[in-house]
Amino acid sequence: MLTRNHVQELLCRSYIQAVAARCGMSTSEPRPDYGIDLTVNDIEAFAGHHAETGYKLDVQAKSTTLSRVSNTEVRYDLEVAGYNALRHPAPGCPRILVVLVLPEHEAEWLAQTEEGLTVRRCAYWVSLKGQGPTANRRSVRVVLRRANAFTASALRGIMNAIKAGEEL
């Protein structure tokens, strides 16, 4: 049986994959994992076929039941190694942190009926590109705005910004 932490991680990955699929994008998993859990790949039709465009988004996926949620933000304690991977000032591919906030009780995380599959609560995203170093040894408190819910609309906007050469 998977540990609680592994279940949370897989739910977050599945959440991201579902959002990407809704956008008509694919995902891949880097092996081995050096701080990037998933890559979202832009897909478009070209010459009668569908293919990756080369535009990509790297994602570090986290999940928690312990984050502090206010009306406007989610505060999450990210391990320093993950923080350092995401704050790179000039990554070859844009990268973001996605944090899935789950209910405290495991039985409430997922509901399934003939009408639908529901993952409870929401995931939020933030870019940490260019953030300064930390003297912390274990974790860094990261603030994710609740306005940055990781939705299909948000992912399309992120990918459009990448294609336009804009900073995240």
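The structure presented is a predicted model; accordingly, all values stated were derived computationally and were not measured.

Asks: Go over the pattern of salt bridges with me, naming the residues and quoting the values.
Replies: Tallying each qualifying case throughout the model produces 11 salt bridges. Between E52 and K56 there is a salt bridge; the shortest N-O distance is 3.0 Å. For K56, a relative accessible area of 27% gives the class partly exposed. Three or more residues joined by partner-sharing salt bridges are found here, namely E9, R13, E29, R31 and D37.

Asks: Could you give an account of the sheet that holds strand β2 (residues 38-46), with specific residues and numbers?
Replies: Across the sheet, which stays open at both edges, the five strands sit in the order β1-β2-β3-β6-β9 with mixed pairing between neighbours. With partners counted over all chains shown, the strands left at the sheet margins are β1 (26-28) and β9 (122-126), one partner each. Sheet twist, expressed as the mean angle between neighbouring strand axes with direction ignored, is 35 degrees. Bridging between strand β6 (residues 95-101) and β9 involves five bridges; their strand directions are antiparallel. Bridging across to β9, V98 finds its partner in W125. Across the sheet, helix α1 (residues 4-22) lies against β1, β2, β3 (49-64), β6 and β9, angled at about 150 degrees from β3, the strand it touches most. Set on the sheet, helix α3 (residues 152-163) makes contact with β2, β3, β6 and β9; between it and β3 the angle comes to about 120 degrees.

Asks: I'd like a rundown of the state of the cysteines, residues and numbers included.
Replies: Overall, the coordinates contain zero disulfides when judged by the stated rule. Lacking any disulfide linkage, C23 is separated from the closest cysteine sulfur, that of C122, by 14 Å. Its sulfur unpaired, C122 is 11 Å from the next cysteine sulfur, which belongs to C12.

Asks: Break down the layout of surface pockets for me, with residues and values.
Replies: Put simply, the largest pocket is a space of about 400 Å³. As for the largest pocket, its lining consists of 16 residues, of which N5, Q8, S63, T64 and Y76 are closest to the centre. For the lining of the largest pocket, the secondary structure elements donating two or more residues are α1, β3 and β5 (73-79). In terms of residue class, the lining of the largest pocket is built from three nonpolar, seven polar and six charged.

Asks: For the packing of α1 against α3, give the residues involved together with the corresponding values.
Replies: Their axes nearest at 9 Å, the elements α1 and α3 cross at an angle of 70 degrees. Looking at the two axes, α1 sits roughly perpendicular to α3. Here α1 contributes V19, A20 and R22 to the contact with α3, which in turn contributes A152, L155 and R156. Class assignment for the residues of the contact of α1 with α3 results in four nonpolar, no polar and two charged.

Rules used in this analysis
Residues numbered from 1 in each chain as written. Predicted model: local features only at pLDDT ≥ 70, side-chain atom pairs only at ≥ 80, totals over all residues. Heavy atoms only, no water. Salt bridge = Lys/Arg side-chain N within 4 Å of Asp/Glu carboxyl O. Buried < 20%, exposed > 50% of the residue type's maximum accessible area, 1.4 Å probe, protein only. Pairing = 2+ DSSP bridges. Helix = DSSP H or I, 4+ residues; strand = E, 2+ residues; numbered from the N terminus. Axes fitted to C-alpha atoms, helices over the stretch in contact; angles between N-to-C directions. Contact = heavy atoms within 4.5 Å. Disulfide = S-S within 2.5 Å. 1 Å grid on protein atoms, 1.4 Å probe; cavity = no way out; pocket = protein on both sides within 12 Å on 5 of 7 lines; lining within 4 Å. Points joined across faces, edges and corners; volume = space filled by probe spheres on them. Nonpolar A, V, L, I, M, F, W, Y, C, P; charged D, E, K, R; others polar. Parallel < 35°, antiparallel > 145°, perpendicular 65-115°, else oblique.

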